[in-house]
Amino acid sequence: MASTTDVKDDRRYTKDHEWAKDEQGNLVVGITAFAVDQLGDITLVNIDVKPGESVTAGKAFGTIESVKTLSDLFAPVSGTVVKVNKVLEEKPELVNEDCWGEGWMVVIKPSGGAPDLLDAAGYKKLVAESAH
């Protein structure tokens, strides 16, 4: 299980505890260790978009369910979905096991300018504040 203070420097973050990692101009999107810790054991990941469909920054593209709660997954940027992690349909526990890697959700090709996301230091500060 990842530590809740585990924050990767190679990606940007949303206030909804999602991460976005730039890979050749596309953004790989997932949820952070802090989000996983808050959710508990993930039982279902439901991604409502398909490759080729558009997403809007701040709007839900799916849901994630755990033993504790059901939460929306929000797009960190507007753009077009390039890829969806279909493995999560069968193995949602991958998010618990490897939220920074195998547990990614979608890949988005951004359509606008640079996304308004937190850097690692800004995200660490947000987590520290929400832990109180």
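Attention here is on the structure that accompanies the text. A quick note: this is a predicted structure, and the numbers were derived from the prediction, not measured.

The next point concerns the overall build of the chain. Per the secondary structure count, the chain includes 4 helices and 9 strands. In terms of C-alpha radius of gyration, the chain reaches 14 Å, essentially the compact-globule figure of 14 Å for 132 residues. Along the first, second and third principal axes, the C-alpha atoms of the chain reach 35 × 35 × 20 Å. In the chain, which comprises 132 residues, the share counted as buried stands at 43%. Long-range contacts, defined here as pairs at least 24 residues apart, represent 64% of the contacts in the chain between residues at least 6 apart.

Taken in spatial order, the 6 strands line up as S1-S2-S3-S9-S8-S5 in an open sheet, and their pairing is antiparallel. On the outer flanks of this sheet lie strand S1 (12–13) and strand S5 (54–55), each paired with one strand and no other. With 3 bridges joining them, strand S3 (residues 26–31) and strand S9 (residues 106–110) adopt antiparallel strand pairing. Bridge assignment links Val 28 to a residue of S9, and that residue is Val 107.

On to the packing of aromatic side chains. Tallied over the entire structure, the rule returns 3 aromatic pairs. Judged by centre distance (4.5 Å) and plane angle (15 degrees), the rings of Tyr 13 and Tyr 123 are stacked. Taken as a pair, Tyr 13 in strand S1 and Tyr 123 in helix H4 (residues 120–130) lie far apart in primary sequence, 110 residues in all. Exposure class is identical for Tyr 13 and Tyr 123. Each is buried. The rings of Tyr 13, Trp 19, Trp 100 and Tyr 123 are connected pair by pair, giving a single aromatic cluster. Sitting above the plane of the Trp 19 ring, Arg 11 keeps its charged end 4.4 Å from the centroid.

Another aspect to go through is the pattern of salt bridges. Inspection of the entire model under this criterion finds 6 salt bridges. The salt bridge partner of Glu 89 is Lys 86, with a shortest N-O separation of 3.3 Å. Two residues, Lys 125 and Glu 129, come together in a salt bridge whose shortest N-O distance is 3.8 Å. With Lys 125 and Glu 129 both in helix H4 and 4 residues apart, the pair spans about one turn of that helix. Judged by relative accessible area, Glu 129 falls into the partly exposed class, the value being 48%. Taken together, the shared-partner salt bridges connect Asp 10, Arg 11, Lys 21 and Glu 23 into one network.

Parameters and conventions
Residues numbered from 1 in each chain as written. Predicted model: local features only at pLDDT ≥ 70, side-chain atom pairs only at ≥ 80, totals over all residues. Heavy atoms only, no water. Helix = DSSP H or I, 4+ residues; strand = E, 2+ residues; numbered from the N terminus. Rg over C-alpha atoms; globule rule 2.2 N^0.38 Å. Buried < 20%, exposed > 50% of the residue type's maximum accessible area, 1.4 Å probe, protein only. Contact = heavy atoms within 4.5 Å. Pairing = 2+ DSSP bridges. Phe/Tyr/Trp six-rings, centres within 6.5 Å; stacked < 30°, edge-to-face > 60°. Lys NZ or Arg CZ within 6 Å of the ring centre and 35° of its normal. Salt bridge = Lys/Arg side-chain N within 4 Å of Asp/Glu carboxyl O.

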